[in-house]
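Chains, contacts and geometry: an overview
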Number of protein chains: 2
Amino acid sequence: MDLENIKYNEAGLVPAIVQDYETRQVLMMAWMNEEALKLTLDTKKATFYSRSRQALWVKGETSGNTQAVVKINYDCDGDTLLLQVNPNGPACHTGNTSCFYRSLAIDQDANLGNMEILTMLYDLIADR
Amino acid sequence: MDLENIKYNEAGLVPAIVQDYETRQVLMMAWMNEEALKLTLDTKKATFYSRSRQALWVKGETSGNTQAVVKINYDCDGDTLLLQVNPNGPACHTGNTSCFYRSLAIDQDANLGNMEILTMLYDLIADR
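Keep in mind that what you see is a predicted model, and the values were worked out from it rather than measured.

Quick look at the pattern of salt bridges
Applying the stated criterion across every chain, the model contains four salt bridges over all chains. Among the ionic pairs, K38 of chain A bridges to E34 of chain A, the shortest N-O distance being 3.3 Å. You can see K38 of chain A and its partner E34 of chain A sitting in helix α1 (residues 34-43), four residues apart, about one turn around the helix. Look at E34 of chain A and you get partly exposed, because its relative accessible area is 42%. With a closest N to O distance of 3.7 Å, R51 of chain A and D79 of chain B form a salt bridge. Pair noted here: R51 of chain A is in the loop between β3 (47-50) and β4 (55-58) and D79 of chain B is in the loop between β5 (67-74) and β6 (81-87), and the two residues belong to different chains. Of the residues examined, R51 of chain A reaches a relative accessible area of 44% and is grouped as partly exposed.

Now the structure itself:
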């Protein structure tokens, strides 16, 4: 138990990334204080610290969408945690499996202008 | 491009989780300011903001271990990013593929007392 390796920020918190143990999908990120981390280790139920409510929260305590923690890793700086969990329902309050359900346009196709798309279509048809 | 949905903290930063696009392994977490995010979107090379050096850094600029960004998602609160990348080498300065190479003991076996282990061994031998 290398708890002394974990470094908390000036607010006494450390970010915790939550990943599905089976699918490896990244589900959410939340914050833990030392108590939340110890409770998570003891109960094996993901427990965080709510910065808005300034209180501990057991994930899924009211919704039932708890997260059974399989593994906790920490990074080279000791200032970020990675929880691997078996989730008992969606991670997001919106009902999405993951909180990261929206993306910023980045893939090449999405960035193509109309002319480029027409040129690609032209090439495609010419090839047939 | 929903850049207006991204919420930066009081220091003007947003945490960015980096995941391998192919293997889905979580590689690291770093911070971005608005400029780093825009540069990442423009160049498709993961670019962060170093809190210690107070400067932008293109990941792998000196080591060569760049990260080609395939996709950027943001969470329901808009205050965390998830980058999916094709890494050109290890993410960690230690040479490990991922910065999360160490774990806190949590799995059931690791928590077993000596007597439980002896009992398990006894049962195993008795079964043979």
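A few points about the interface of chain B and chain A
One frequent convention defines the size of an interface as the accessible area lost when the parts assemble. Counting from both sides, the interface comprises 45 residues of chain B and, opposite them, 44 residues of chain A. The contact between chain B and chain A buries some 3800 Å² in all, and 64% of this surface belongs to carbon and sulfur atoms. Considering only the side of chain B, the residues that lose the most area to chain A are R102, L104 and I106 of chain B, jointly responsible for 21% of the buried surface there. At the junction of chain B and chain A, the tally comes to two salt bridges. Linking chain B with chain A are 18 residue pairs in polar contact (both at pLDDT 80 or more), by the criterion used here. A per-element tally of the side of chain B that touches chain A places β5 of chain B first, with six residues. Looking at the side of chain B that touches chain A, its residues break down into 23 nonpolar, twelve polar and ten charged.

About the criteria used
- Residues numbered from 1 in each chain as written.
- Chains lettered and ligands numbered in written order.
- Predicted model: local features only at pLDDT ≥ 70, side-chain atom pairs only at ≥ 80, totals over all residues.
- Heavy atoms only, no water.
- Salt bridge = Lys/Arg side-chain N within 4 Å of Asp/Glu carboxyl O.
- Helix = DSSP H or I, 4+ residues; strand = E, 2+ residues; numbered from the N terminus.
- Buried < 20%, exposed > 50% of the residue type's maximum accessible area, 1.4 Å probe, protein only.
- Contact = heavy atoms within 4.5 Å.
- Buried area = accessible area lost by both parts, 1.4 Å probe.
- Polar contact = N/O pair within 3.5 Å; in protein donor to acceptor, adjacent residues only side chain to side chain.
- Nonpolar A, V, L, I, M, F, W, Y, C, P; charged D, E, K, R; others polar.

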